[in-house]
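The lines below spell out each chain.
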Amino acid sequence: MDEQWILARRREALQTRAAMIQAIRQFFLSRDYLEVETPLRVPTQAPEAHIDPVMSEGWFLHTSPELCMKRLLAAGYERIFQFARCFRAGERGNLHIGEFTLLEWYRAGIDYRDMMDECEDLFIHITQALGRGETVTYQGHKIALAGPWERISVRDAFHRYAPLTMEEAIEADRFDEIMVSHIEPHVGLTNPTILYNYPASLAALSRLRQEDPTLAERFELYMGGLEVANAFSELTDRDEQQARFAREQDHRRTRGKPPYPEPERFLAALPSMPESSGIALGVDRLAMIFTDSATIDDVVAFTPEML
Amino acid sequence: MYSASDLRKNLKIQIEGEPYVVTDFQFVKPGKGQALYRCKLKNMVTGSQFDRTFRSGDSFEPANLQEKNMQYLYKEGDQYCFMDNETYEQVYLTEDQVGEASNFLIDNIEAEILFFGSDALGVTLPNFVDLTVTQADPWVKGDTAAGNTKPITVETGYTLNAPSFIEEGEKIRIDTRTGDYSTRVKE
């Protein structure tokens, strides 16, 4: 298509996106969060089995600002947030684009349940700032934003929507596939939904449940079937974190992907990091919801294909 | 050899010796999970369809197809006739085999006909074709809001959305892979 025409047609979505970002910034500033900026180009990052980086002269374009933000947290910055451009290799689809925007925020002294509450507050603030009601319509679904939101454990979500249990799905290496085909289409359709307590093996930087260490204090926020955010009660145990990284590095090696240099400075800072919770929210996905867009292409000015 | 990341709509791959075309494709990746490539596949010989989800790491052979450049002649009943300009050999494709390409077929257009052995299976059009607009609401002068669209019809009867400044009798270029308006053609 005429590319200038496509750009012109996106004006309304880009205006909503910009207003949304301003509303988010206002929300965190009003709660005494400090806005920070950390480098996009980094020598190493958290090893994760299924996230692939883009190389940049021997370093990496970060896939998330997590490690740098946690080093700030460990240095006494108790409430921080950042809008970070992130890069992931090989991710392109209606919901994915290789260069995208994550909103990450971290807060000392809370756990993932408090973080769920803070998400509820944030979304109400955004919709008010946009001059919208408390219901947003996304692809035909009327989603009520007022809390409390539906909160379902991952295990219960498998019981409710999937033909096999969470444990069976992991055993058969079908967890992701079942999540995508059986669970995601049903969640967050009438109000935002939180899936919580993921299997420990699927949360490399998360604290485990004290009463059941097979589960991690991780949650995902869904709206209209879209995954919007991922949060943890943060792991602060250095040895445990090192062991988890080693396991993720092994995953990468067995899949023929190069392991990363060990994030030594991050690990060294971890013992000073307070008990805390942190979250990464897909700004592009949230913009899709507030503009009722079916694809991520409609909420960014340029897709890589247009460059 | 293709890998999962090569998958896209209209890719032709071989599974157990049979040629399949990807008719629908979605890249999905949950949470911190693995990349999944959800495909609808259609057997190019029998027409039977099924869904299959591939993972990164999966690989497969390209379908063993031959392509021959031929010219579209005419439609008879539900058969589309194409001719090899060198040998004058003619082949027929059904409506189903031609699929969405029928939206862009104008007489004498050259296209690649796909063969599996001696069976003609389908047609691949050039990525862009230029077609004349046969119906479009007049452009209201002053409607300069960039980004406005309206439905228009082209000479094959195909209807699509185009910028509001497009008028009847003009030629436009259409991307045959997506069916979308691409640009206005100035002659």
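Residues numbered from 1 in each chain as written. Chains lettered and ligands numbered in written order. Predicted model: local features only at pLDDT ≥ 70, side-chain atom pairs only at ≥ 80, totals over all residues.

### Some thoughts on the overall build of chain A
Worth spelling out the cut-off: By definition, any uninterrupted DSSP run of H or I lasting at least four residues is a helix, any uninterrupted run of E lasting at least two residues is a strand, and each is numbered from the N terminus. This radius of gyration counts C-alpha atoms alone. The globule rule is 2.2 Å times how many residues there are, raised to the power 0.38. Partly exposed residues are those falling between the two cut-offs: more than 12 but fewer than 20 other C-beta atoms within 10 Å of their own, whereas 20 or more means buried and 12 or fewer means exposed, with C-beta atoms placed from the backbone.
The number of helices and strands found in chain A is 10 helices and 13 strands. Against the 2.2 N^0.38 benchmark of 19 Å for 307 residues, chain A shows a C-alpha radius of gyration of 19 Å, consistent with a compact globule. C-alpha atoms of chain A, sized along the principal axes, occupy 50 × 45 × 40 Å. The buried share of chain A, reckoned over its 307 residues, is 41%.

### Considerations on the nonpolar core
Side chains that are nonpolar tend, in soluble globular proteins, to be buried together. Residue and element names in this part refer to chain A. Threshold: Think of a nonpolar core as buried Ala, Val, Leu, Ile, Met, Phe, Trp, Tyr and Cys residues, each tied to the set through C-beta atoms within 7 Å. Note on contacts: residues are paired as contacts if their backbone-placed C-beta atoms lie within 7 Å.
Ranked by size, the top nonpolar core spans 114 residues in total, and within it Leu 195, Phe 219, Ala 229, Leu 281 and Leu 286 carry the most contacts. The element that contributes the greatest number of residues to this core is helix H4 (residues 112-129), accounting for 7 residues. Contact partners of Leu 286, with chain neighbours within four places excluded, come to Met 20, Val 228 and Leu 281.

### So, the sheet that holds strand E12 (residues 226-233) of chain A
This is how it is decided: Pairs of strands are assigned from DSSP output, requiring at least two bridges between the strands.
Sheet architecture is open: 8 strands sit in the order E1-E5-E6-E13-E12-E11-E10-E9 (chain A), paired in mixed fashion. Among the strands making up the open sheet, the edge pair consists of strand E1 (34-35) and strand E9 (150-153) of chain A.

### So, the domain arrangement of chain B
Residues and elements named next belong to chain B. For clarity, the cut-off: Annotation comment: domain bounds sourced from an automatic or database domain assignment. The residue classification treats Ala, Val, Leu, Ile, Met, Phe, Trp, Tyr, Cys and Pro as nonpolar and Asp, Glu, Lys and Arg as charged. All others, Gly included, are polar.
When the domains of chain B are assigned, the result is domain 1 (2-62), domain 2 (66-124) and domain 3 (128-185). Computed from C-alpha coordinates alone, the two centres of domain 2 and domain 3 are separated by 26 Å. With 7 residues of domain 2 at the contact, the number on the domain 3 side is 8 residues. A per-class count over the side of domain 2 that touches domain 3 returns 5 nonpolar, 1 polar and 1 charged.

### Looking at the sheet that holds strand E15 (residues 171-175) of chain B
Residue and element names in this part refer to chain B. Applicable threshold: In this analysis, axes come from line fits to C-alpha atoms, helices being fitted only over the stretch in contact, and the angle between any two N-to-C directions falls in the range 0 to 180 degrees.
Taken in spatial order, the 5 strands make up an open sheet running E14-E13-E12-E15-E16, and their pairing is antiparallel. Strands with a single pairing partner mark the edges of an open sheet, and in this sheet they are strand E14 (159-163) and strand E16 (180-185). Neighbour-to-neighbour, the strand axes of the sheet open up by a mean angle of 55°, direction not taken into account. Here 5 bridges tie strand E13 (residues 149-154) to E14, and the two strands are oriented antiparallel to one another. Residue pairing for E14: Lys 150 is matched across the bridge by Ala 162.

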